[in-house]
Amino acid sequence: MSEYNDVVADGKDDPFDSERRGYSRRQVDEYIAWRNGQIRELESKLSQGLTEIERLRRELGEAREAGGRPAHEEVSERVGQILKLAADEAKAERERGAIDVGSMRDAAKAETDKLRADVKDETDRLRAEAQDRAERMLTAAQEQSDRAVSSARAEADALVTAAQQSAEQAVTDATKHRRRRDRAGQAATR
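Residues numbered from 1 in each chain as written. Predicted model: local features only at pLDDT ≥ 70, side-chain atom pairs only at ≥ 80, totals over all residues. Heavy atoms only, no water.

A. Examining the overall build of the chain more closely. For the chain, the count of helices and strands is four helices and two strands. Overall, the chain shows an N-to-C arrangement of helices and strands of α-β-β-α-α-α. By the burial criterion, 22% of the 190 residues in the chain qualify as buried. Considering only contacts within the chain whose residues lie at least 6 apart along the sequence, 75% involve residues at least 24 apart. On the chain, roughly 14100 Å² of surface is accessible, and the fraction owed to carbon and sulfur atoms is 49%. (Helix = DSSP H or I, 4+ residues; strand = E, 2+ residues; numbered from the N terminus. Buried < 20%, exposed > 50% of the residue type's maximum accessible area, 1.4 Å probe, protein only. Contact = heavy atoms within 4.5 Å. Areas by Shrake-Rupley, 256 points an atom, 1.4 Å probe, with all protein chains shown as cover.)

B. Examining the nonpolar core more closely. With five residues, the main nonpolar core is built from Leu56, Leu60, Ala134, Leu138 and Ala141. Elements with a contribution of two residues or more to this core: helix H2 (25–66) and helix H4 (101–189). By residue number, the principal contributor to this core is H4, which donates three residues. Dropping the residues within four chain positions of it, Leu138 is found in contact with Leu56, Arg57 and Leu60. (Core = buried A, V, L, I, M, F, W, Y, C linked by side-chain atoms within 4.5 Å.)

C. Spotlight on the confidence of the model for the chain. In this model, the chain carries a mean pLDDT of 76, and residues with pLDDT of at least 70 account for 75%. Ranking the elements of the chain by mean pLDDT puts helix H1 (residues 3–10) last with 46 and H4 first with 84. The low-confidence segment residues 1–12 (pLDDT under 50) makes 16 contacts with residues lying over four places distant or belonging to another chain. (pLDDT = per-residue confidence, 0-100.)

D. Representation of the pattern of salt bridges in the model. Under the defined criterion, the tally for this structure stands at eleven salt bridges. Measuring nitrogen to oxygen at the nearest pair gives 3.0 Å for the salt bridge that ties Arg26 to Glu30. Here Arg26 and its partner Glu30 are both found in helix H2, four residues apart, which amounts to about one turn of the helix. Taking the shortest distance from any N to any O, the salt bridge between Asp182 and Arg181 comes out at 3.7 Å. With relative accessibility at 35%, the residue Asp182 sits in the partly exposed group. Exposure remark for Arg181: the relative accessible area of 38% places this residue in the partly exposed category. One network of salt bridges, with partners in common, ties together Lys120, Asp124 and Arg127. (Salt bridge = Lys/Arg side-chain N within 4 Å of Asp/Glu carboxyl O.)

E. Structural context of the environment of Ala63. Along the polypeptide, Ala63 turns up in helix H2. With 72 residues separating them in the primary sequence, Ala63 and Glu135 have C-alpha atoms 9.7 Å apart.

F. Structural view of the environment of Ala156. Among the secondary structure elements, Ala156 is positioned in helix H4. Given a relative accessible area of 15%, Ala156 falls into the buried group. A C-alpha to C-alpha distance of 9.2 Å links Ala156 and Glu41, two positions 115 residues apart in sequence.

G. Representation of a positive patch on the surface in the model. Together, Lys176, Arg179, Arg180 and Arg183 make up a region of like positive charge exposed at the surface. Given a relative accessible area of 51%, Arg183 falls into the exposed group. (Patch = residues over 30% accessible without salt bridge, like charges linked within 9 Å, V, L, I, M, F, W, Y side chains within 5 Å. Lys, Arg positive; Asp, Glu negative; His and termini not counted. Charge placed at Lys NZ, Arg CZ, Asp CG, Glu CD.)

H. Broad picture of the environment of Gln164. The residue Gln164 is located in helix H4 in this model. Owing to a relative accessible area of 45%, Gln164 belongs among the partly exposed residues under this scheme. Remark: the alpha-carbon pair of Gln164 and Arg35, spanning 129 residues in sequence, is separated by 9.9 Å.

Dropping the structure here:
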């Protein structure tokens, strides 16, 4: 029914065929049903946009909760490997008798403390990056949704206005046509 778009857009042509008693009721009903369909489609798009915003909010919440787990697990595995390597080296040194166990413990403790501090820094950095990225995504989605909602509302308002104007014009034209017919009928009876 794209023929109605052209009719409403230029406003010059009457979209309905004249019949004996005014406009074709079927055509007017189809036109109104078509306009109502367009309004429902715009409302559906608006609803989808709002659903998308809610989904993105949930994803942001999940991203905030899961912030740095993967990096922490990765670093923990690395720390375990380093400690195992240090223990192996210490065992080898002890067997050769070249190292003091106390100094080895101090060195291992210092290395462990350093690794913990590095892991915490890396985890904090990754968490901050993830939160920043999630907030940017949410902001962008919110802006996109706002634009879509605004556009859908404007289009729906325009469609409603155009449909009302077309319906009013159809009623006005039908009334004029009936009056002319009535006058012609009165003139013929005189």
